[in-house]
Amino acid sequence: MKKIPVIMDCDPGHDDAIALVLALSSEKLKVLGVTSCSGNQTIEKTTYNARRILELLGKREVPVARGRSCPLLNDGRTAAGAHGETGLDGPVLPEPVAPLREETAVEFMAKLLEESEEKVTLVPTGPLTNIGTLILSYPHLLPKIERICMMGGSVVSGCSDKGASEFNILVDAYAADIVFTSGIPITMMGLDVTNFSTIGYGEEKEAFRNSGHVGKFVAELVDFFGRLFQMIGWPGAPIHDACAVAWLIKPEIFESRDLHVEIDLNGENTYASTVADFHGLSGKAPNATVCLKSDQKQFVELLLDACKSYEREGAVR
Ligand code: RIB
Ligand code: CA
């Protein structure tokens, strides 16, 4: 089976970690590399977390490169309330052994794009700072990008403290604008679908815990990351970032529409929102496949099978 070459650009982050678990287990994907971005925590912490996750999964061969330390134009922000001071509070992780790449994340992504014989799919699950920088810095490489399959935004339900915006877009709205005006095909996994792509707190979570080392890791991620959602009566812990990977592996579990989406860079209460033209009134062609619904049971099944595959592989440390 021909594998889809991907680069994971992430800010682990509990749900980023689960996205990595899924991506690195799939027979449909070839993860060329992992690049870190600042978002859920500082770049130092997200980079360290990415390396620790790969060590835990027995994937030392997958290279990691460190991303930009702050958004393009505005001050950064972190999400310690959701992900803790380490950015990955809860589970105990091993120390990384594999060295960090010397190149920056953007240099490394460019290198991978140049060297790949096939077009590469970028899978950003944090703020789009690195991706926006790549687009600005290496315009000649854009034809080597197959698609940007991202977690971010929301076309129906905002979430973050700016009301209408979502965290990944809010952290670096200017980078998001570069991405959405780049002409590169985009799959957008916004909160509209990711908030309901959850792992439940009871049997579903325990099925992970009892499925082996990696499943136990995922359950412990949900123990911590899900606690706030459980307090507000949410049906489960939303595994936002894993949706961007799941779409590449099993797109049929999602419902989507091709829409024109713009980033609001000027609104007082709508700054960093992802504004979708549902009725074609803008006269602008769609620039994104926007996912709006998922089959939650099939989503959880995909994640659980991924965890079990590591036991079969026997690679877990
Ligand atoms: O809004 C959800 C997004 O913000 C996810 O990527 C999560 O990891 C945080 O980065
Ligand atoms: Ca993330």
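(A) Up close: unusual backbone geometry. Of note in this structure, alanine 272 is not a glycine but carries a positive phi near 75 degrees. With respect to the element layout, alanine 272 can be found in the loop between β9 (254–263) and β10 (274–277). The exposure class of alanine 272 is buried, given its relative accessible area of 1%.

(B) Fine view of the pattern of salt bridges. Following the criterion strictly, the structure yields 12 salt bridges and no others. For glutamate 44, the salt bridge goes to arginine 66, with nearest N and O atoms at 2.8 Å. Taken together, the residues glutamate 44 in helix α2 (residues 43–56) and arginine 66 in the loop between β3 (64–65) and α3 (80–83) connect sequence positions 22 residues apart. One salt-bridge network, held together by shared partners, links Lys205, Glu206, Arg209 and Asp223.

(C) Seen up close, the site of ligand 1. With respect to spatial proximity, 13 residues lie near ligand 1, and among them Asp15, Asn40, Thr125, Glu166 and Asp241 are the closest. Here an oxygen atom of ligand 1 and a side-chain polar atom of aspartate 11 are 3.2 Å apart. Between ligand 1 and glutamate 166, the relevant distance is 2.6 Å, taken from an oxygen atom to a side-chain nitrogen or oxygen of the residue. Across the complex, the protein chains shield 94% of the 280 Å² of accessible surface that ligand 1 would expose by itself. Listing elements by their share of the shell around ligand 1, those giving two or more residues are α1 (14–25) and α6 (167–171). For the shell around ligand 1, a count of residues per class yields 3 nonpolar, 5 polar and 5 charged.

(D) Quick look at the coordination of the calcium ion (ligand 2). Within the protein, the atoms that donate to the calcium ion (ligand 2) are Asp11 (OD), Asp16 (OD), Asp16 (OD), Thr125 (O) and Asp241 (OD), at distances of 2.2 to 2.6 Å. Positions of the donor residues of the calcium ion (ligand 2), expressed as sequence spacing, correspond to D-x4-D-x108-T-x115-D. An identical accessibility class is assigned to aspartate 11 and aspartate 16; each is buried.

(E) Inspection of the nonpolar core at higher detail. Ranked by size, the top nonpolar core spans 56 residues in total, and within it Met8, Val34, Phe208, Ile239, Val245, Phe254 and Leu303 carry the most contacts. Residue assignment for this core shows that the elements contributing at least two residues are β1 (4–10), α1, β2 (29–36), α2, α10 (213–225), α12 (242–249) and α13 (296–313). With residues up to four places along the chain from it excluded, the contact list for valine 34 reads Met8, Cys10, Leu20, Ala50, Leu54, Val62, Pro63, Val64 and Ala65. The next biggest cluster of nonpolar side chains, apart from the first, holds 40 residues, and it includes Leu134, Ile169, Val179 and Tyr271.

(F) Molecular detail of the packing of α10 against α13. One can describe the packing of α10 onto α13 by two numbers: an axis separation of 7 Å at closest approach and a directional angle of 145 degrees. Counted together, His213, Val214, Gly215 and Val218 of α10 and Cys307, Tyr310 and Glu311 of α13 form the full contact between these two elements.

(G) How the structure looks around a nonpolar patch on the surface. A contiguous nonpolar patch, built from Leu228, Met231 and Ile232 and spanning about 330 Å² of accessible area, is present on the exposed surface. Inspection of the secondary structure puts isoleucine 232 in the loop between α11 (227–231) and β8 (237–238).

(H) Region of the structure containing the side chain of asparagine 130. Among the secondary structure elements, asparagine 130 is positioned in helix α5 (residues 129–137). The buried category is assigned to asparagine 130, whose relative accessible area is 0%. Only 2.8 Å separates the side chain of asparagine 130 from the side chain of aspartate 9, close enough to count as a polar contact.

Definitions and limits used
- Residues numbered from 1 in each chain as written.
- Chains lettered and ligands numbered in written order.
- Predicted model: local features only at pLDDT ≥ 70, side-chain atom pairs only at ≥ 80, totals over all residues.
- Heavy atoms only, no water.
- Helix = DSSP H or I, 4+ residues; strand = E, 2+ residues; numbered from the N terminus.
- Buried < 20%, exposed > 50% of the residue type's maximum accessible area, 1.4 Å probe, protein only.
- Salt bridge = Lys/Arg side-chain N within 4 Å of Asp/Glu carboxyl O.
- Near = heavy atom within 4 Å.
- Polar contact = N/O pair within 3.5 Å; in protein donor to acceptor, adjacent residues only side chain to side chain.
- Areas by Shrake-Rupley, 256 points an atom, 1.4 Å probe, with all protein chains shown as cover.
- Nonpolar A, V, L, I, M, F, W, Y, C, P; charged D, E, K, R; others polar.
- Donors = N, O, S within 2.8 Å, 3.2 Å for Na, K, Ca; no water.
- Core = buried A, V, L, I, M, F, W, Y, C linked by side-chain atoms within 4.5 Å.
- Contact = heavy atoms within 4.5 Å.
- Axes fitted to C-alpha atoms, helices over the stretch in contact; angles between N-to-C directions.
- Patch = residues over 30% accessible without salt bridge, like charges linked within 9 Å, V, L, I, M, F, W, Y side chains within 5 Å.

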